[in-house]
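Structural characterization, general
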Amino acid sequence: MTDIKSLTFPELQAFVLDSGFPKFRAAQISGWLQKGVTDFDEMRNLPESIRSYLKTSCYISVANIEKKFVSRYDKTVKYLFSFCDGECVESVLMSYRHGWSICISTQVGCKMGCTFCATGKSGYSRDLTASEMLAQIEAAQRDQNIRVSNVVLMGMGEPLDNYENVLRFLRIVSDEKGLNIGMRHITLSTCGIVPKIEQLARERLQINLAVSLHAPNDEIRSRTMPIAKAYPMERLLEACGYYFEMTGRRVTFEYALISGVNDSDACAKELGKRLRGMNCHVNLIPVNTVEGTGYQKSNLQRQQSFENILAADGVTATVRRTLGSDINASCGQLRRKHLKEGGQ
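If you're wondering where the values come from, they're calculated on a predicted model, not measured in any experiment.

1. Some points on the pattern of salt bridges
If you walk through the whole model with that rule in mind, you get 16 salt bridges. Among the ionic pairs, lysine 5 bridges to glutamate 138, the shortest N-O distance being 2.7 Å. Here lysine 5 is found in the loop between strand 1 (2–3) and helix 1 (9–18), whereas its partner glutamate 138 is found in helix 4 (residues 130–144), with 133 residues between them in sequence. You can call lysine 5 buried: its relative accessible area is 6%. A salt bridge links glutamate 11 to arginine 168; the shortest N-O distance between them is 2.5 Å. Here the residue glutamate 11 occupies a position in helix 1, and arginine 168 occupies one in helix 5 (residues 163–174), the gap between them amounting to 157 residues. Glutamate 11 sits in the partly exposed class, given a relative accessible area of 29%. The structure contains a network of salt bridges with shared partners spanning Asp41, Glu48, Arg51 and Lys55.

Here it is in structure tokens:
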């Protein structure tokens, strides 16, 4: 069956024509999908004959809410969504002064094996389709009766390991006939698959790129991130420079501060030296406590010292504001608990 929500609008038009229906029906179908309908019978301005055809030849991806936790402090909502095959992913909806932002998943699980991350500890099951990524946004909007203005691909999975589906999602979600969320309001986070960063740069999209760095050198980075053994930091930084050259978009480096591992003044000085002169921003993140890792977050004094040292080298950095701290809003932990309790 055709995954109708994963079709771009030109593809939907072609599908409608190939099915023997007038071309204008594509705009009607697209309009209903944009509203987040979950059943073809909800497309009330389509004749019964077309609705019946769609029901037998297509399906609409839906993200079902399995579990939901709402922060008492800041309106953050953490979701565990399930799809038609029973697989589950996590998403986090966050409220900011500029509007609502959602962090969505791109895979069920992850192959990358970063040691501080809860997602990879549950293994990898499969890639998500473009429609399943869209469905997470639509389900959150429907549940909270809001409109999402910013999207972050930083939930479960490595977006660039699911490149074609992610690229399709980006084109659909930003289309005026889709959810119409501008590319500059979308951030893609990657652990650093260099060839895919370069490929994405050549697309010349205006999305924001966030790269998980988490260390000032290859020796420390390879302890926590297996990807570092395939792509040394020097090559990774060259790819980030290429991304800026091709898109004009400043790169953000994510840096999880782990007590006693990568948060020393020496690490900060080495990182500042490496990034000096780059058009970038460093997002310092106190590491999340994940069962089995033994990692502890850096204390406030260490966080501030690290930030100050980078600033002295002319590298802009901020310590990320923690949202949803009472509901473990970082992705991966809720699915792990669900699996332990007997979920698929």
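2. Observations regarding helix 8 (residues 233–247)
The terminal C-alpha atoms of helix 8, which comprises 15 residues, lie 21 Å apart, in line with the 21 Å expected from a rise of 1.5 Å per residue. Met233, Leu236, Leu237, Ala239, Cys240, Tyr243, Met246 and Thr247 are the residues of helix 8 that are buried. Looking at the buried side of helix 8, the elements it contacts are helix 6 (194–203), strand 11 (208–212), helix 7 (218–224), strand 12 (251–257) and helix 9 (265–275). Looking at the residues trailing helix 8, positive phi occurs at glycine 248, about 75°.

3. Thoughts on the side chain of glutamate 87
Tracing the backbone through its elements, the reader meets glutamate 87 in the loop between strand 4 (77–82) and strand 5 (88–96). Taking the relative accessible area as the measure of exposure, glutamate 87 reaches 12% and is therefore buried. Within polar-contact distance, the side chain of glutamate 87 engages the side chain of serine 125 at 3.5 Å.

The rules behind each value
- Residues numbered from 1 in each chain as written.
- Predicted model: local features only at pLDDT ≥ 70, side-chain atom pairs only at ≥ 80, totals over all residues.
- Heavy atoms only, no water.
- Salt bridge = Lys/Arg side-chain N within 4 Å of Asp/Glu carboxyl O.
- Helix = DSSP H or I, 4+ residues; strand = E, 2+ residues; numbered from the N terminus.
- Buried < 20%, exposed > 50% of the residue type's maximum accessible area, 1.4 Å probe, protein only.
- Expected span 1.5 Å × (residues − 1).
- Contact = heavy atoms within 4.5 Å.
- Polar contact = N/O pair within 3.5 Å; in protein donor to acceptor, adjacent residues only side chain to side chain.

All quantities given are derived from atomic positions and should not be read as evidence of function.
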